[in-house]
Structure formats: structure tokens, C-alpha cells
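Per-entry structural report
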Amino acid sequence: MSMNIAVFASGSGSNFQAIVDAVKQGELDAKVALLVCDKPGAYVEERAKAAGVPVFCFNPKSYNGKADFEQAIRKELKARDVELIALAGYMRLIGEVLLHAYPRRIINIHPSLLPAFPGLDAIGQAFDAGVKLTGVTIHFVDEGMDTGPIIDQEAVRIHHTDTRETVQKKVQAIEHTLYPATLQQLIAKGVEVL
Ligand code: GRF
């Protein structure tokens, strides 16, 4: 069963690219129907254009608050029959409008083993804490910051020779395979907790 998905991203979009590539290679039974971006000019927009994915890019400051711009997003999602939302570096909490419109249909990827190191710069937080194990978490989104039921996780070992940069590379390599694979499992199972 194929599904229309939207990816929300604010930055470079390497996870967006991994999802688009997985669809192209037949590994993810989905159509990337929309990129939603809250940072006009972000590199992820270029990636979407190159992949032929429609873009809804907005400046939050042009709206009267979160409910207002989420209504605009909701309209775009509805127009494209989007059934599932994948957050991929969307640096903003999801509000009530979208949570109610897409109950248990919004997924996030976070670069740590949650509940450890939620929020910004999770890789830096792990590095500074001196932990020897960090990783990647994929979870359903609720109103909290990187909370919500965990769907899957994969660990990354931090060696004494590692730097922030090498940890980041290892974490990203895992993200780029784990996210498309988890989305595929969710779609195949009709979006239930694994
Ligand atoms: C990823 O590390 C993801 O886990 C986090 O934001 C980052 C986005 O990176 N939520 P990119 O834009 O996909 O390269």
C-alpha cells in the first residue's frame, strides 16, 4: 500500500534526500507529495526542486502565530492527500492544529537515544556528557519536545578517538538508512507502533 507523505525540514535536508532516494529505488512504498520548509532559502529546497517534489516554504513571521501558519500547512497537506508527516530537522514544535489533524501520523527522527539528550544539538550534548553510546531515535510526535512513543532506535558507539564531527557522520549514516526503513515498516503495517 503506497502512501502520500510530506517531509518537514528546515536545513540541509540530507534525511529528506535519503527518503526521496529510497522511494526512487523502490525501497519505500510512498510518494513524497510535499516538502514543508519554514526557512526560505534552506538547502533542502534545492534538493526538493531537483527531485521534482512540490515545496511549501513559508516565513513564520508573516503569520499571526503557530495556529495560523499550521492552518496554511494543513491546507497544503490536504490538497495533496498527505496521510503521513515525517519531520526531518524541522526545528520547531508541532502545535495543536497539526497534532489534531494527523493523530499518530507525525513521525520525528532525533540524533540521540531518547529520552537522553532531547532538544538542540543532541550530538554535542552526548559528546560533552562523555557517554560511550548514543544513537538515533524515531518516534511519534506529541506536544512535547522529542517526547512521544518510540518506534525504533539504533545505537552508535563513541570511541575515545572520536570527535563531534566523526560522531555526527556515524549518526547521520544510520539516520539515512533507519528513517526510510522505519517509514516503510510503518506504511506496510498501516502506521502502528512497531
Ligand atoms: C538530523 O540529525 C535529525 O535527526 C535532526 O535534524 C537533523 C537534520 O539533518 N532532527 P538533515 O537536514 O536531514 O541533514
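Our subject in this report is the structure included herewith. (Residues numbered from 1 in each chain as written. Predicted model: local features only at pLDDT ≥ 70, side-chain atom pairs only at ≥ 80, totals over all residues. Heavy atoms only, no water.)

So, unusual backbone geometry
The amide bond that connects Leu-114 to the next residue, Pro-115, takes the cis arrangement and shows omega of 15 degrees. The topology assignment puts Pro-115 in the loop between strand E5 (106–110) and helix H5 (122–129). One non-glycine residue with positive phi stands out, namely Asp-81, at about 55 degrees. For Asp-81, the location among the structural elements is in the loop between helix H3 (66–79) and strand E4 (84–87). (Helix = DSSP H or I, 4+ residues; strand = E, 2+ residues; numbered from the N terminus.)

Quick look at the packing of aromatic side chains
Under the definition given, this model contains five aromatic pairs. With a centroid separation of 5.1 Å and an interplanar angle of 35 degrees, the aromatic rings of Phe-58 and Phe-69 are classed as tilted. With Phe-58 in the loop between strand E3 (55–57) and H3 and Phe-69 in helix H3, the pair connects residues that are 11 residues apart, well separated along the chain. Per residue, the accessibility class of Phe-58 equals that of Phe-69, and both read buried. Geometrically, the ring pair formed by Tyr-63 and Phe-69 is edge-to-face, given 6.2 Å between the ring centres and 75 degrees between the ring planes. The exposure class assigned to Tyr-63 is partly exposed, which follows from its relative accessible area of 25%. (Phe/Tyr/Trp six-rings, centres within 6.5 Å; stacked < 30°, edge-to-face > 60°. Buried < 20%, exposed > 50% of the residue type's maximum accessible area, 1.4 Å probe, protein only.)

A word on the nonpolar core
In this structure, Phe-16, Ile-19, Val-32, Leu-35, Ile-107, Tyr-179 and Leu-183 are the most contacted members of the largest nonpolar core, which totals 37 residues. No other element matches the eight residues that helix H6 (residues 164–188) contributes to this core. Contacts of Val-32, omitting those with residues within four sequence positions, involve Ile-5, Val-7, Phe-16, Ile-19, Val-20, Val-23, Val-53 and Pro-54. Counting 21 residues, the second largest nonpolar core, distinct from the first, contains Phe-58, Ile-85, Tyr-90 and Leu-98. (Core = buried A, V, L, I, M, F, W, Y, C linked by side-chain atoms within 4.5 Å. Contact = heavy atoms within 4.5 Å.)

Let's talk about the environment of Tyr-179
With respect to the helices and strands, the residue Tyr-179 is situated in helix H6. Apart from the residues lying within four places of it in its own chain, the contact partners of Tyr-179 are Asn-15, Ile-19, Ala-86, Leu-87, Ala-88, Ile-107, Asn-108, Ile-109 and Ile-138. Engagement of the side chain of Tyr-179 in a polar contact is seen with the backbone oxygen of Leu-87, the distance being 2.7 Å. (Polar contact = N/O pair within 3.5 Å; in protein donor to acceptor, adjacent residues only side chain to side chain.)

Details of the pattern of salt bridges
What the rule picks out here adds up to five salt bridges. Across the salt bridge formed by Asp-38 and Arg-92, the nearest N and O atoms sit 2.7 Å from each other. Of this pair, Asp-38 sits in the loop between strand E2 (30–37) and helix H2 (43–51) while Arg-92 is found in the loop between E4 and helix H4 (96–101), placing the two residues 54 residues apart along the sequence. Judged by relative accessible area, Arg-92 falls into the partly exposed class, the value being 28%. Between Asp-162 and Lys-170 there is a salt bridge, with its nearest N and O atoms 2.7 Å apart. Owing to a relative accessible area of 11%, Asp-162 belongs among the buried residues under this scheme. Each of Asp-121, Asp-128 and Arg-164 takes part in salt bridges that share partners, so that together they form one network. (Salt bridge = Lys/Arg side-chain N within 4 Å of Asp/Glu carboxyl O.)

Quick word on the site of the ligand
As a matter of local geometry, the ligand sits amid Ser-12, Gly-13, Ser-14, Asn-15, Gly-89, Ile-109, His-110, Pro-111 and Glu-175. In this structure, Ser-14 approaches the ligand through a side-chain N or O atom, which is 2.5 Å from an oxygen atom. One of the backbone nitrogen or oxygen atoms of Ile-109 is found 2.9 Å away from a nitrogen atom of the ligand. A majority-of-atoms criterion places the ligand in the largest pocket. Elements with a contribution of two residues or more to the shell around the ligand: helix H1 (14–24) and E5. When its residues are assigned to classes, the shell around the ligand shows two nonpolar, six polar and one charged. (Near = heavy atom within 4 Å. 1 Å grid on protein atoms, 1.4 Å probe; cavity = no way out; pocket = protein on both sides within 12 Å on 5 of 7 lines; lining within 4 Å. Sits in = over half its atoms within 2 Å of the grid points. Nonpolar A, V, L, I, M, F, W, Y, C, P; charged D, E, K, R; others polar.)

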